[in-house]
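# Fold and contact review
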Amino acid sequence: MFRNLSKVLQSSYFRTYASNPSVKQPVSPKTPLITCKVSKFNQYVESGIPKDTKFGTIPLASSGWQHYKSKGDKFTIHPIASLPHDEPADTSFADIQLDEQIVKNLKLRLDVTNPNSIQLNAFASVIRNDHTLIAAETGCGKTLAYLIPIVQKILSLKEKQTNDDMNTPTALILTPGRELASQIGIVAEKLCTNLNINVKTIIGGKTKRLMMDPEFGQVDILVGSMGAVSKLVTTGIYRMQCVRHVVVDEADTMFDDTFSDKLVHLMKRFPLHRNHIQEIDKNLIGTQLILASATMPTNTQELLQNVIDTTTINEVVSPSLHRLLPNVTQTFLRMSKMHRPIQMLAIVKEELSKKRPVIIFSNKSSSCDYVSIFLNDHDIECVNLNGDMLVQIRMGQFDKFQTGQVHVLSTTDVASRGLDTTRARHVINFDFPLHISDYIHRIGRIGRLGSHEQCEVTNFVSSHRELSVVQRIEHAARTATVLPNVNANISNIISNKLIKQMETEEKRYLKSLKE
C-alpha cells in the first residue's frame, strides 16, 4: 500500500496538478448507462433518472426503428451494479440450526457456504409451515431456497415416524419440462447425500413403459415434469396421501393455459386448506404449497382460489423482481433478417476464441433447427434443443452443453425456464422475443449466482412486431422502473388476441352487409 502511495507521489500527474492548483485538472469520465450509435441518445448514471417516467414521455433510441433507414442502428444497456443475491448474507447455515450433514453437502457437493437473503427468507417461511410464494429474479438460487427447508423437515419427520409405503413421497416437486426436472433431481440428490432420504426423478418419454412395468420403492422426494407425474398419479403408480410439501417450480409457466387445468386437477388431491403441521392422525395431515418463479402471471390468484385460501400464502419477493439484470451488458441491434446469420456467426466465432459458451434463442423450432444447421455447416459444433424434437433425440442434448462437450446451444424457450446454465457467458436472441416475460427468462440464463465473469446479451431486432417490447425495455432501463406487462400466460395472451381479431373481422363483415 505505502509502496503504491510512493509511486503516486512521484508521478508526473501529482507533481503537475497537486503542486499547481491553477492547472485545470482532468474531469473524470461519466459512467455510461445507455450508449447509442446516435450520441444524443446516450444516458449516464450521473444524469440521474428522468422526472417523468411515464412511457412515451422521454426520447428513446429505438423510437425511430419503424423506419427502414434505421437498420444498422443500435444501443447498449451497460451493467452498473451487482444483484442483491450476489452478496451472501451475514447469517450462515449453521446459525439457522441446519443439520450438519446438510451443511456439509451444501459446501462439498454444491459449493454453497452461506445463504443469500432470498434463501434465508424462504427458509424461515417454509420452516414455519406457511404456504409460500418465492418470487425472485432468475439465477438467485430459488431451487435451494425451497429444497433446504424441505430436506430439513423430512429429516425431522423421519426421527418421529418412518414411511414404509412404496411410491408414497413426502415431497412432490412439479416442473413444466424434462430438463428442469432432471436438473432439480440432481441438486436434490446431492443435497440428500448420506441423509437416508430417497430422491426419485420421473420425466416424460418413459411414461408408457413405467405404466406397463412400474418401479416400486421408498421415495421421500419425487421430482417430475407435469405430464409424467399427472399420468403416473392418475394410474395409481404413485400415491399422494402422504405428501406434505408440494412445490410448483417455474409457476408462471405451470399456470399458463397449457398446464393450468391439469395442475389444478392434481392440486385438488391435497388438503392444502389444513395447516400441514397437524398430526392428530395420518388422515388429518395437511399439505404445504410452495410456488417458485422469476415472473408471475396475473391470473395466479384466480386459479389458486379453487384449491387454497390465497390470503394464507406468504410472499417472499425480491426487490429485483421484474427488473432488468443490472450486471449484464445488453446490446440491441436493428437489422434485416437476411443479415442475422452472418452477424451471429461473427459473434459466435469471437466468443469461442475466448472460450465463452453461447446460447442462441429462437422463437420457433424451425428457426432453432436452422441456426444449428447453419453453424454446423460453418464448422462450429452446435447442439440443438426444442420441444418438437423426438424424446430419444432430445434427451441429453442440454447435458452436452452443461458438461462442456459442446459450447454452443441453439434452442427455443424450452431452455429459458429455470435451467441453471452458469457455463454460459453470452446469450444471442436470434429471434427477439415477443413477450417481456420471455426476455426476462432468456437473459436470466447468464449473470446467475455462481457466474463470476462478465456476461453479455445480443439482441437481433428485425421486425416491427418486436419493437413494442424493445421500446419498453429501453424505457425501463432509462427510468430504473420495473418492466411492464410481465404476464407469462402466453397461451392466454395469444388466445385473447385471436378472439379480438375474430371479433373485429366479424364487426367489419356485419358493417359491410349493412352498407
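If you're wondering where the values come from, they're calculated on a predicted model, not measured in any experiment.

### Description of the side chain of serine 293
If you trace the backbone, serine 293 turns up in strand β9 (residues 288-293). Within the structure, the side chain of serine 293 is placed 3.1 Å from the side chain of aspartate 252, a separation counted as a polar contact. Beyond its immediate stretch of four places on either side in the chain, serine 293 contacts Ile134, Ala135, Ala136, Lys142, Glu250, Ala251 and Asp252.

### Some thoughts on empty space enclosed by the protein
By the definition in use, this model includes 4 cavities of 30 Å³ or more. Taken as a whole, the second largest cavity encloses approximately 80 Å³ of empty space. Lining the second largest cavity are 13 residues, with Glu137, Thr138, Arg323, Leu325 and Ile440 sitting closest to its centre. Among the residues making up the lining of the second largest cavity, the classes are represented as 7 nonpolar, 4 polar and 2 charged.

### Topic: the pairing of strand β3 (residues 74-77)
As defined by bridge partners, strand β1 (residues 32-36) adjoins β3 across 3 bridges and the pair is classed as antiparallel. Bridging across to β3, threonine 35 finds its partner in threonine 76.

### Focus on the packing of aromatic side chains
Counted under the stated rule, the structure contains 8 aromatic pairs. Consider the rings of phenylalanine 432 and tyrosine 439, whose centres lie 5.6 Å apart with planes at 35 degrees: the pair is tilted. In terms of burial, phenylalanine 432 and tyrosine 439 fall into one category: buried. A cation over an aromatic ring shows up here: arginine 340 above the ring of phenylalanine 430, its NZ or CZ 4.2 Å from the ring centre.

### As for the confidence of the model for the protein chain
Summing up the model confidence of the protein chain, the mean pLDDT is 83 and the portion of residues at 70 or higher is 83%. Between residues 1-25, whose pLDDT stays under 50, and residues either more than four places distant or in other chains, the model counts 13 contacts. Low pLDDT, under 50, characterises residues 488-499; the predicted model gives this stretch 21 contacts beyond four residues in sequence or across chains.

### Some words on the pattern of salt bridges
Inspection of every chain in the model, using the stated rule, returns 10 salt bridges. Taking the shortest distance from any N to any O, the salt bridge between lysine 200 and glutamate 215 comes out at 2.6 Å. In this pair, lysine 200 is assigned in strand β6 (residues 199-202) and glutamate 215 in the loop between α7 (207-212) and β7 (221-225), connecting sequence segments 15 residues apart. Judged by its relative accessible area of 25%, lysine 200 falls in the partly exposed class. Judged by its relative accessible area of 35%, glutamate 215 is partly exposed. Here arginine 340 ties to aspartate 431 by a salt bridge, and the two come within 2.7 Å at their closest N and O atoms. Here the residue arginine 340 occupies a position in helix α12 (residues 340-353), and aspartate 431 occupies one in the loop between β15 (426-429) and α16 (436-443), the gap between them amounting to 91 residues. For the pair formed by arginine 340 and aspartate 431, the shared burial category is buried. When salt bridges with common partners are traced through the structure, they connect Glu351, Arg356 and Glu456 into a single cluster.

### Side note on the sheet that holds strand β13 (residues 383-385)
Spatial ordering of the open sheet is given by β2-β1-β3-β11-β16-β15-β12-β14-β13, a layout of 9 strands whose pairing is mixed. The open sheet terminates on both sides in strands that have one partner only, identified here as β2 (43-44) and β13.

### Quick look at the nonpolar core
Phe75, Leu106, Tyr146, Leu191, Ile221, Phe332 and Ile473 are the most contacted members of the largest nonpolar core, which has 82 residues in total. Looking at this core, the element that brings in the most residues is helix α5 (residues 142-160), giving 9 residues. Among all residues touching tyrosine 146, those that are not within four sequence positions of it are Ile134, Ile173, Ile184, Val247, Asp249, Ile290 and Ala292. Counting residues in hydrophobic clusters, the runner-up holds 37 residues, among them Ala135, Leu172, Met240 and Ala251.

Calculation notes
Residues numbered from 1 in each chain as written. Predicted model: local features only at pLDDT ≥ 70, side-chain atom pairs only at ≥ 80, totals over all residues. Heavy atoms only, no water. Helix = DSSP H or I, 4+ residues; strand = E, 2+ residues; numbered from the N terminus. Polar contact = N/O pair within 3.5 Å; in protein donor to acceptor, adjacent residues only side chain to side chain. Contact = heavy atoms within 4.5 Å. 1 Å grid on protein atoms, 1.4 Å probe; cavity = no way out; pocket = protein on both sides within 12 Å on 5 of 7 lines; lining within 4 Å. Points joined across faces, edges and corners; volume = space filled by probe spheres on them. Nonpolar A, V, L, I, M, F, W, Y, C, P; charged D, E, K, R; others polar. Pairing = 2+ DSSP bridges. Phe/Tyr/Trp six-rings, centres within 6.5 Å; stacked < 30°, edge-to-face > 60°. Buried < 20%, exposed > 50% of the residue type's maximum accessible area, 1.4 Å probe, protein only. Lys NZ or Arg CZ within 6 Å of the ring centre and 35° of its normal. pLDDT = per-residue confidence, 0-100. Salt bridge = Lys/Arg side-chain N within 4 Å of Asp/Glu carboxyl O. Core = buried A, V, L, I, M, F, W, Y, C linked by side-chain atoms within 4.5 Å.

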